[in-house]
Every structure is written in C-alpha cells, then in structure tokens.
Amino acid sequence: MKDRIDQLVAEVESLKAGSLEEVEQLRLKYLSKKGLVSALFDDFKSVASEKKREVGQLLNELKNTANQKIDELKSGFDTEETTLSENQDPSRPAFFQPGSRHPLSIVRNQINEIFSRIGFTVADGPEIEDDWHNFSALNFTADHPARDMQDTFFIATNPDILLRTHTSSIQIRTMETTKPPIRMVFPGRVFRNEAISARAHCIFHQVEGLYIDKHVSFADLKQTLMYFAKEMFGENTKIRLRPSYFPFTEPSGEMDVSCNICGGVGCNICKYTGWVEILGCGMVDPNALENCGIDSQIYTGFAFGMGIERITMLKYQIKDLRLFFENDVRFLRQFSGAF
Ligand code: DAH
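Rules and cut-offs
Residues numbered from 1 in each chain as written. Predicted model: local features only at pLDDT ≥ 70, side-chain atom pairs only at ≥ 80, totals over all residues. Heavy atoms only, no water. Buried < 20%, exposed > 50% of the residue type's maximum accessible area, 1.4 Å probe, protein only. Helix = DSSP H or I, 4+ residues; strand = E, 2+ residues; numbered from the N terminus. Pairing = 2+ DSSP bridges. Contact = heavy atoms within 4.5 Å. Near = heavy atom within 4 Å. Polar contact = N/O pair within 3.5 Å; in protein donor to acceptor, adjacent residues only side chain to side chain. Areas by Shrake-Rupley, 256 points an atom, 1.4 Å probe, with all protein chains shown as cover. Domains from an automatic or database assignment. Axes fitted to C-alpha atoms, helices over the stretch in contact; angles between N-to-C directions. Parallel < 35°, antiparallel > 145°, perpendicular 65-115°, else oblique. Left-handed = near helix turned anticlockwise from the far one by under 90°. Nonpolar A, V, L, I, M, F, W, Y, C, P; charged D, E, K, R; others polar. Core = buried A, V, L, I, M, F, W, Y, C linked by side-chain atoms within 4.5 Å. Phe/Tyr/Trp six-rings, centres within 6.5 Å; stacked < 30°, edge-to-face > 60°. Expected span 1.5 Å × (residues − 1). Bend = angle between axes of the 7 residues up to and from the residue.

### Quick word on the pairing of strand E5 (residues 182-191)
Right, on to step 1. Here E5 lies mainly inside the structure; eight of its 10 residues are buried.
Right, on to step 2. Here strand E1 (residues 121-122) runs beside E5; their pairing, made up of two bridges, is parallel. Among the inter-strand pairings, Thr121 is bridged to a residue of E5, identified as Met184.
Right, on to step 3. When E5 meets strand E6 (residues 203-213), the two strands line up antiparallel, connected through 10 bridges. Across the sheet, the residue bridging to Arg183 is Tyr211, located in E6.

Shown next as structure tokens:
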C-alpha cells in the first residue's frame, strides 16, 4: 500500500496538462469518487489497524498533493477570458460620458472664428480694471452716469479699481501698446451691478472688435458687420444701423439684425418689430485714439461690442438668460457635439 501511495505521489507531482479540459480529465482520474486516490481510500479499510495511523497520514498527504497539483494546473489557464461572466464584453469601448461645451463658449468660439477669417486676431485683457482703461481713456466724462456706483462694482473702497463693465477697456490697453494697423477681437466677462432676471445678469460676456488703420471708413464697419451677421445667422439675414451715442465712438450706431426666428415678420422675440438689436458700434472717437498715443490725423478706426448671451439666445431660441449660469446638465447636454 505504501509503495502504491509513493508511486501515485510521484505520478501526481509530474502531471502536465495542455488545456483546462485536460486538467479536468486529470482531476477525474485521480480525485473523483471513482478515481485512483479514492480507490486507495477504499483499500485503506483493509489495512492492519497498527499501520492505519501511518498509512492514513500518507494517504491524506497524497490527497492534498493531488488537490494542490490540480489547482496549480488550473491556475495556469486562469485567463481573463475564462473568468469573465456572461454580461462582460472586453471588446466594448471603455465607457465614458463626454462633456459638452457651454453654449456661451460655443458661440464665443464661433464669433472669434468668423472674425479671424477676415484677418482679426483674438486677445483678452484683465477683468479687474482701473478707471482710466474702463472709463476715462474711453472719453467718459467725470460725471458720466455709467460710472455710477449703481452700475459699477468697485473693489473695496477704492473708486479707481473696479470690475470692468465692458470689454471696451481692452481697446484702450491694445491701442496703448500696439502700433496700427490693429485688427482684433476681444472676448471676455464683464460685470454690472444689475438685478438678475430673465434678461439681465450681473455677470455677462461681450466680444469687442477694433480696427485701426489709415483710411478706415464707416463703409468698412458696415461691410464687416454685415459679413458677420450673415455668417452668424444665415445668408438671408439683413442688418439695420440706427444712430446712437457712446462716448468713445463718433458717429455711433446700434445694429439690428432681421429676426431669425420669424424671418422678420414679427414675433414675441423681436417684440413684433422684425428686428433685434445685437451690438453697439461706431468710428473710434479721435479723443480715444489720442488718449492712447495714436495720431488721429493719420489713423482712423471702427469699434463694435456685442453681448454673447444675446446672440446665443437668438441663435438657440433661449428665453431666459439665467439658464446660462445655473449649470443644469439637462440644459447643457443639449449642446454636446458642438464646438
Ligand atoms: N461698450 C458698449 C457697451 O457695453 C458696447 C460698445 C458700443 C462697444 C460701441 C463698442 C462700440 O466698441 O463702438 O454697451
């Protein structure tokens, strides 16, 4: 009996298998109820009682060795494939939920892109400004109502430092440091002390445009804005310029586009006029040029400023400006895929 056990131990230790099926075959051969090891346990009953203890121990060792060997052989084939459960598919692409760009970023990028196609470059400026760049250099008189505490957020108690109320401040910074020709757009966040409603917010976004060179005329301004309107709202868009007033432009205008929602017939978006105002513009006031060291006898230029929220609302027919700031994923997800 002992010889038989030794022989089986040696046999088991040298077992090899080429596949999981072969391992299973070996398990059945040695360890199943009718297997070779079990057969020895049957024979064990007839072992003389004084030898039972010794033989029993050897038998148990054989059984353990066989179990270990089978486990060891099995683990050699323990690949991912064999352990995957039915609903796991390793060939499936990794799951991730792509984010979406914010609608204001989409439209800002679009505006930048439209102007860059006609030679404008993009730059920005600081959100915390001083009085000079936000007001004085732009020809706002000392008592101009736009400086009022009601509109402007000042930093602490210093009336010279404020949050910019418009991106026109970047015009000044650029003209101070850049020799014409200048052909640039400046997107950015602006701040005004206004009550939050469906149509107004204390933080919003603008894009400013500036073109300074010799012989720049109002016709250039008009043509540039018409090109922009058609690119932004579609080939059939019409524009209309109305006289207006801004301290830093002379003459100044406001531009309307034909309502892209009703096609100019009249609806609640355009307040039944067929037109929606989208920007302010004009020829840069000679005072503003001189304030920045640009000779107004040699150079002329135009500027314009538009609200990105306004344009985005028109483009996507969004009726409440607050949606842009609430970060509701149900709103934001609608813009996935756009850049
Ligand atoms: N800064 C003006 C505003 O916030 C918009 C504006 C009007 C900008 C005329 C301009 C301009 O550059 O020429 O209301």
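### Observations concerning the sheet that holds strand E4 (residues 158-163)
Right, on to step 1. Strands sit in the order E2-E4-E3 across an open sheet of three strands; the sheet is antiparallel. The strands lining the two open edges of the sheet, one partner per strand, are strand E2 (128-130) and strand E3 (154-155).

### A few points about the environment of Phe233
Right, on to step 1. Position of Phe233 relative to the elements: it lies in helix H9 (residues 218-233).
Right, on to step 2. Taking the C-alpha atoms as reference points, Phe233 and Arg173, separated by 60 residues in sequence, lie 31 Å from one another.
Right, on to step 3. Discounting chain neighbours no more than four positions away, the residues touching Phe233 are Val257, Asn260, Ile278, Ile311, Leu314 and Lys315.

### Thoughts on the site of the ligand
Right, on to step 1. The ligand sits among 15 residues. The nearest are His166, Ser168, Gln171, Arg192 and Glu208.
Right, on to step 2. With respect to the ligand, the side chain of Gln171 contributes an N or O atom lying 3.0 Å from an oxygen atom.
Right, on to step 3. Here an oxygen atom of the ligand sits 3.0 Å away from a polar atom, N or O, in the side chain of Gln206.
Right, on to step 4. Here the ligand, which alone exposes 350 Å², has 89% of that area covered by the protein.

### Here we look at the domain arrangement of the chain
Right, on to step 1. For the chain, the assigned domains are domain 1 (2-86) and domain 2 (103-335).
Right, on to step 2. The centre of domain 1, based on its C-alpha atoms, is set 84 Å off from the matching centre of domain 2.

### Structural notes on the packing of helix H1 (residues 2-13) against helix H4 (residues 49-75)
Right, on to step 1. Axis separation between H1 and H4 bottoms out at 10 Å; the angle between their running directions is 15°. Between H1 and H4, the crossing angle belongs to the class labelled roughly parallel. The chirality of how H1 crosses H4 is left-handed. Judged by residue contacts, Lys2, Ile5, Leu8, Val9, Val12 and Glu13 of H1 engage Glu54, Val55, Leu58, Leu59, Leu62, Thr65, Ala66 and Lys69 from H4.
Right, on to step 2. Taken together, the residues of the contact of H1 with H4 break down into nine nonpolar, one polar and four charged.

### Some thoughts on the nonpolar core
Right, on to step 1. Within the largest apolar cluster, 42 residues are counted, with the highest numbers of intra-cluster contacts made by Ile111, Phe228, Val257, Ile278, Phe304, Met306 and Ile311.
Right, on to step 2. Going through the elements one at a time, helix H6 (103-116), E6, H9, strand E8 (249-258), strand E9 (275-284), strand E10 (300-307), helix H11 (308-316) and helix H13 (329-332) are the ones with two or more residues in this core.
Right, on to step 3. Excluding its chain neighbours within four sequence positions, the residues that come into contact with Phe228 are Ile111, Ile114, Phe115, Ile278, Met306 and Ile311.

### Notes on the packing of aromatic side chains
Right, on to step 1. In this structure the tally under the stated criterion is 12 aromatic pairs.
Right, on to step 2. Ring geometry for Phe140 versus Phe248: centroids 6.0 Å apart, planes at 35°, classification tilted. A residue pair is termed long-range when its members are at least 10 positions apart, and Phe140 in the loop between helix H7 (131-134) and E3 and Phe248 in the loop between strand E7 (239-246) and E8 qualify at 108 residues.
Right, on to step 3. The class for Phe248 is buried, based on a relative accessible area of 9%.

### Thoughts on H4
Right, on to step 1. End to end, H4 covers 39 Å across 27 residues, agreeing with the expected 39 Å (1.5 Å per residue, within 8%).
Right, on to step 2. At Val55, H4 shows its largest kink, close to 30°.
Right, on to step 3. If you check which residues of H4 are buried, you get Val55, Gly56, Leu59, Leu62, Thr65, Ala66, Lys69, Ile70 and Leu73.
Right, on to step 4. Buried residues along H4 sit in contact with H1, helix H2 (20-31) and helix H3 (36-44).

### Some details on the sheet that holds E8
Right, on to step 1. Strand order in the open sheet formed by seven strands is E1-E5-E6-E10-E9-E8-E7, with mixed pairing between adjacent strands. Either end of the sheet is taken by a strand with one partner, and the two such strands are E1 and E7.
Right, on to step 2. Pairing geometry for E7 and E8, over seven bridges, is antiparallel. By the bridge assignment, Ile239 is partnered in E8 with Val257.
Right, on to step 3. Packed onto the sheet, H6 meets E1, E5, E6 and E10 and runs at close to 165° relative to E5.

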